Amino acid sequence: MFWKSVFLSIALILSLPKASSASPASVNSTNEVDTDLKSSFPVLAQANQEVEEIILVLGLTDEQIAQLVQIDSQFNPQLDELYPAWDTTQEDLEMLIQSETALEDEVRSQYEAVESLRQQISELQFERRMAIREILRPEQRAPYEQYLEQRIANSDS
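Residues numbered from 1 in each chain as written. Predicted model: local features only at pLDDT ≥ 70, side-chain atom pairs only at ≥ 80, totals over all residues. Heavy atoms only, no water.

A.B. asks: Could you clarify how one ought to interpret the overall build of the chain in this entry?
C.D. replies: Counting secondary structure elements, the chain contains seven helices and zero strands. Secondary structure elements of the chain occur, N-terminal to C-terminal, as α-α-α-α-α-α-α. Across the chain, contacts joining residues at least 24 apart in sequence account for 77% of those joining residues at least 6 apart. When the accessible surface of the chain is totalled, it reaches about 9,500 Å², and 50% of it is carbon and sulfur. (Helix = DSSP H or I, 4+ residues; strand = E, 2+ residues; numbered from the N terminus. Contact = heavy atoms within 4.5 Å. Areas by Shrake-Rupley, 256 points an atom, 1.4 Å probe, with all protein chains shown as cover.)

Next comes the structure, spelled out in structure tokens:
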């Protein structure tokens, strides 16, 4: 579930609509996304302040937002399929470990299934991260990574 929360945070950023221009999002005097920008993008108007903030901090262009949406649509279906399978497989492993009748081979086999799913998820997460890295300008990468670290820390507490 830990990694799912990480990807939920990324999904918040990536759930923005496609856009046509390549100008950064604008900020008004109260450090919020301008009303004009919100009216142009209904999804952004519904976004929470945290999503607005990271868009502004990174200075994402409309083109970058569109590319991030594309990455989201590429990786989410695979991850959405793997997370429940991983959770179920882990629960089954815990039941086998606690069982008085499960054979060692059964437990080991279930462990291998859990690790296989974990590896698949890890690889997809890495590929997604690399794809996002390619979209972000070098000066956007460090703030983005800091944002992810903060989200992870907040999800753990």
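A.B. asks: Just checking my understanding: could you explain the pattern of salt bridges for this structure?
C.D. replies: Where side chains of opposite charge bring their charged atoms close, a pairing between them can arise. Summed over the entire model, instances satisfying the criterion amount to six salt bridges. Arg108 is the salt-bridge partner of Glu104, the closest N and O atoms lying 2.8 Å from each other. Taken together, the positions of Glu104 and Arg108, both in helix 6 (residues 104-135) and four residues apart, correspond to about one turn of that helix. The burial state of Glu104 is the same as that of Arg108; both residues are exposed. Salt-bridge contacts for Glu115 lead to Arg118; the nearest nitrogen and oxygen are separated by 2.9 Å. A residue pair is termed a helical-turn pair when its members lie 3 or 4 positions apart in one helix, as Glu115 and Arg118 do in helix 6 at three residues. (Salt bridge = Lys/Arg side-chain N within 4 Å of Asp/Glu carboxyl O. Buried < 20%, exposed > 50% of the residue type's maximum accessible area, 1.4 Å probe, protein only.)

A.B. asks: Quick question: what am I supposed to make of the confidence of the model for the chain here?
C.D. replies: For any part of a model where pLDDT is low, the fine detail of the predicted coordinates should not be relied upon. Overall, the predicted model of the chain reaches an average pLDDT of 77, with 69% of residues at or above 70. Here helix 1 (residues 2-14) stands out as the element of the chain with the lowest mean pLDDT, 40, in contrast to helix 6, whose mean of 96 is the highest. Low pLDDT, under 50, characterises residues 1-46; the predicted model gives this stretch 94 contacts beyond four residues in sequence or across chains. (pLDDT = per-residue confidence, 0-100.)

A.B. asks: Looking at this structure, how should I read the packing of helix 5 (residues 62-98) against helix 6?
C.D. replies: For any two helices packed against each other, the geometry comes down to the angle between their axes and how far apart the axes lie. Contact pair helix 5 / helix 6: the axes reach a minimum separation of 9 Å and the direction vectors enclose 165°. Accordingly, the angle class assigned to the pair helix 5 and helix 6 is roughly antiparallel. Here helix 5 runs over helix 6; the crossing is left-handed. Residue classes in the contact of helix 5 with helix 6 are distributed as 21 nonpolar, nine polar and six charged. (Axes fitted to C-alpha atoms, helices over the stretch in contact; angles between N-to-C directions. Parallel < 35°, antiparallel > 145°, perpendicular 65-115°, else oblique. Left-handed = near helix turned anticlockwise from the far one by under 90°. Nonpolar A, V, L, I, M, F, W, Y, C, P; charged D, E, K, R; others polar.)

A.B. asks: Which parts of the structure should I look at to understand the nonpolar core?
C.D. replies: A general trend in soluble globular proteins is that nonpolar side chains are found buried together. Ranked by internal contacts, the top residues of the largest apolar core, which has 24 residues, are Leu60, Leu79, Trp86, Ile121, Ile132 and Tyr144. Sorting the residues of this core by element identifies helix 4 (49-58), helix 5, helix 6 and helix 7 (138-156) as the ones contributing at least two each. Counting residues per element, this core draws most heavily on helix 5, at nine residues. (Core = buried A, V, L, I, M, F, W, Y, C linked by side-chain atoms within 4.5 Å.)

A.B. asks: Could you clarify how one ought to interpret helix 7 in this entry?
C.D. replies: For an α-helix the count is 3.6 residues per turn, leaving residues at separations of three or four pointing the same way. Taking 1.5 Å of rise per residue, 19 residues should cover 27 Å, and helix 7 covers 28 Å from first to last C-alpha, within 8% of that figure. Taken together, the buried positions of helix 7 are Gln140, Tyr144, Tyr147 and Leu148. Buried residues in helix 7, looked at end-on, bunch into an arc of 100°, giving them a common side. Exposed and oriented more than 90 degrees from the buried face of helix 7 are Pro138, Glu139, Gln146, Glu149 and Asp156. (Expected span 1.5 Å × (residues − 1). Arc of directions from axis to C-beta.)

A.B. asks: Would you take a moment to explain the environment of Glu127 for this structure?
C.D. replies: With respect to the element layout, Glu127 can be found in helix 6. When the C-alpha positions of Glu127 and Phe75 are compared, they lie 8.8 Å apart, and in sequence the two are 52 residues distant.

A.B. asks: Which parts of the structure should I look at to understand the side chain of Gln125?
C.D. replies: Mapped onto the fold, Gln125 is located in helix 6. Side chain to side chain, Gln125 and Tyr83 meet in a polar contact 3.0 Å long. (Polar contact = N/O pair within 3.5 Å; in protein donor to acceptor, adjacent residues only side chain to side chain.)

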